[in-house]
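Survey of secondary and tertiary structure
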Amino acid sequence: MAMNRENIFMQKSFIHIYLNLLLLVLTIFANTSYVYMGEFGILEGLQNIFLIIIIYLQLKFRKLFFKFSNKFLFYIRCFSFLFILYEEISILTKGTSKIFKLINFQQEINIHNLTVLNKIFINNLYLPIFGYEVNITFNAFLFIVATILFGFGSYISHLNKAKFFFIEKEYSIYSLIFLVFVIVNSLNKHKFNYFLNVDFEFCELFLYNLFFIDLLIKIRKMEIANIRSKNNATS
């Protein structure tokens, strides 16, 4: 039992080290002269690979999700990642819709580039701790709320069946990365004269890494619970 606890501790420590190193490396890469950007660049490619793997693994282990969560939450989770993947590759729809040419500033058939969502939601919010005002778009506000909810939803005690929907508690702190990027980007603009290159594509890649690792942990937990339930049934 002591050895098992030690192994769990080592696993959690390794994941924390990996995520922090990944964040550091991505920050360094974001501030190099190499061009990672572009819808068909290496950054977008890596993001799509992680999303595809996440969707594949969820479908492959769907029976475990059905057993330890429920079908509705599983389908919501799958749809969410399918939706994100579509949003990432929606560059392929550029200029194909007359309607979206009018309502989407990138002329793509997607949600995140809708003109209305990129309008100011919170105007001239004064931040006394920093000494300046900020504007927050609908997009930024929705992303902040969504990542925080997905990251800390497992702390809602009466949602026991939903614990395999949200990020594991041990790693929920990393779901704040988008909010951190927003804050750093704001400080970078108003206080540091764009000293750092804060690109949200790197933030997305970090989050998809987090979602991938979280999924692997969930699958492992469900496999162990499944084995125990079978042993209890036969004993």
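A few points about the overall build of the protein chain
When you go through the protein chain residue by residue, the secondary structure sums to eight helices and two strands. Shown N-terminal to C-terminal, the secondary structure of the protein chain runs as helices and strands in the order α-α-α-α-α-β-β-α-α-α. For the protein chain, the spread of C-alpha atoms along the principal axes amounts to about 65 × 45 × 35 Å. Looking at the protein chain as a whole, 37% of its 235 residues are labelled buried. Restricting to contacts in the protein chain with at least 6 residues of sequence separation, those with at least 24 account for 59%. Carbon together with sulfur atoms contributes 69% to the accessible area of the protein chain, which is approximately 14500 Å² in total. If the 22 positive side-chain charges of the protein chain are averaged to one point and the 14 negative ones to another, these points end up 12 Å apart.

Remarks on the pattern of salt bridges
Here the structure, examined in full by the defined rule, presents five salt bridges. When the shortest N-O distance is used, the salt bridge between Asp214 and Arg77 registers 4.0 Å. Linking Asp214 in helix 8 (residues 200–234) with Arg77 in helix 4 (residues 71–89), this pair joins segments that are 137 residues apart in sequence. With a relative accessible area of 2%, Asp214 lands in the buried category. Residue class for Arg77 comes out buried when judged on its relative accessible area of 2%. With a shortest N-O distance of 2.5 Å, Lys221 and Glu168 are connected by a salt bridge. Highlighted residues: Lys221 in helix 8 and Glu168 in the loop between helix 6 (138–152) and helix 7 (177–190), separated in sequence by 53 residues. Here the salt bridges do not stand alone but share partners, grouping Arg77, Glu168, Asp214, Lys218 and Lys221 into one network.

As for the pairing of strand 2 (residues 132–137)
Both strand 1 (residues 120–127) and strand 2 contribute to a ladder of five bridges, which runs antiparallel. Considered in strand 2, the bridge of Leu127 is made with Tyr132. Between the antiparallel neighbours strand 1 and strand 2 lie four residues, among them Gly131 with a positive phi of about 80 degrees.

A short note on helix 2 (residues 42–60)
In this model helix 2 runs 27 Å from its N-terminal to its C-terminal C-alpha over 19 residues, within 8% of the 27 Å that 1.5 Å per residue would give. Restricting attention to buried positions, one finds in helix 2 the residues Leu43, Glu44, Gln47, Asn48, Phe50, Leu51, Ile54, Ile55, Leu57 and Gln58. Of the surrounding secondary structure, the elements contacted by the buried residues of helix 2 are helix 3 (62–68), helix 4 and helix 8.

Observations regarding the packing of helix 7 against helix 8
Between helix 7 and helix 8, the least distance of the axes is 10 Å, while the angle of their chain directions is 165 degrees. In terms of axis orientation, helix 7 runs roughly antiparallel to helix 8. Between helix 7 and helix 8 the crossing geometry is right-handed. Side by side, helix 7 and helix 8 meet where Ile177, Phe178, Phe181, Val182 and Asn185 of the first sit next to Phe200, Cys203, Phe206 and Leu207 of the second. Residues belonging to the contact of helix 7 with helix 8 are distributed by class as follows: eight nonpolar, one polar and no charged.

Observations regarding the nonpolar core
Ranked by size, the top nonpolar core spans 47 residues in total, and within it Leu19, Phe81, Phe150, Tyr171, Phe206, Leu210 and Phe211 carry the most contacts. At the level of elements, helix 1 (2–30), helix 2, helix 3, helix 4, helix 6, helix 7 and helix 8 are the ones that each hand at least two residues to this core. By residue number, the principal contributor to this core is helix 8, which donates 14 residues. Not counting residues up to four positions away in its chain, the partners in contact with Leu19 are Tyr171, Tyr174, Phe206, Leu210 and Ile213.

Brief notes about the environment of Asn31
Along the chain, Asn31 falls in the loop between helix 1 and helix 2. Its relative accessible area of 34% is what places Asn31 among the partly exposed residues. Expressed as a C-alpha distance, the spacing of Asn31 and Val198, which sit 167 residues apart in the sequence, is 8.1 Å.

Conventions we followed
Residues numbered from 1 in each chain as written. Predicted model: local features only at pLDDT ≥ 70, side-chain atom pairs only at ≥ 80, totals over all residues. Heavy atoms only, no water. Helix = DSSP H or I, 4+ residues; strand = E, 2+ residues; numbered from the N terminus. Buried < 20%, exposed > 50% of the residue type's maximum accessible area, 1.4 Å probe, protein only. Contact = heavy atoms within 4.5 Å. Areas by Shrake-Rupley, 256 points an atom, 1.4 Å probe, with all protein chains shown as cover. Lys, Arg positive; Asp, Glu negative; His and termini not counted. Charge placed at Lys NZ, Arg CZ, Asp CG, Glu CD. Salt bridge = Lys/Arg side-chain N within 4 Å of Asp/Glu carboxyl O. Pairing = 2+ DSSP bridges. Expected span 1.5 Å × (residues − 1). Axes fitted to C-alpha atoms, helices over the stretch in contact; angles between N-to-C directions. Parallel < 35°, antiparallel > 145°, perpendicular 65-115°, else oblique. Left-handed = near helix turned anticlockwise from the far one by under 90°. Nonpolar A, V, L, I, M, F, W, Y, C, P; charged D, E, K, R; others polar. Core = buried A, V, L, I, M, F, W, Y, C linked by side-chain atoms within 4.5 Å.

Purely geometric numbers; function is a separate question.
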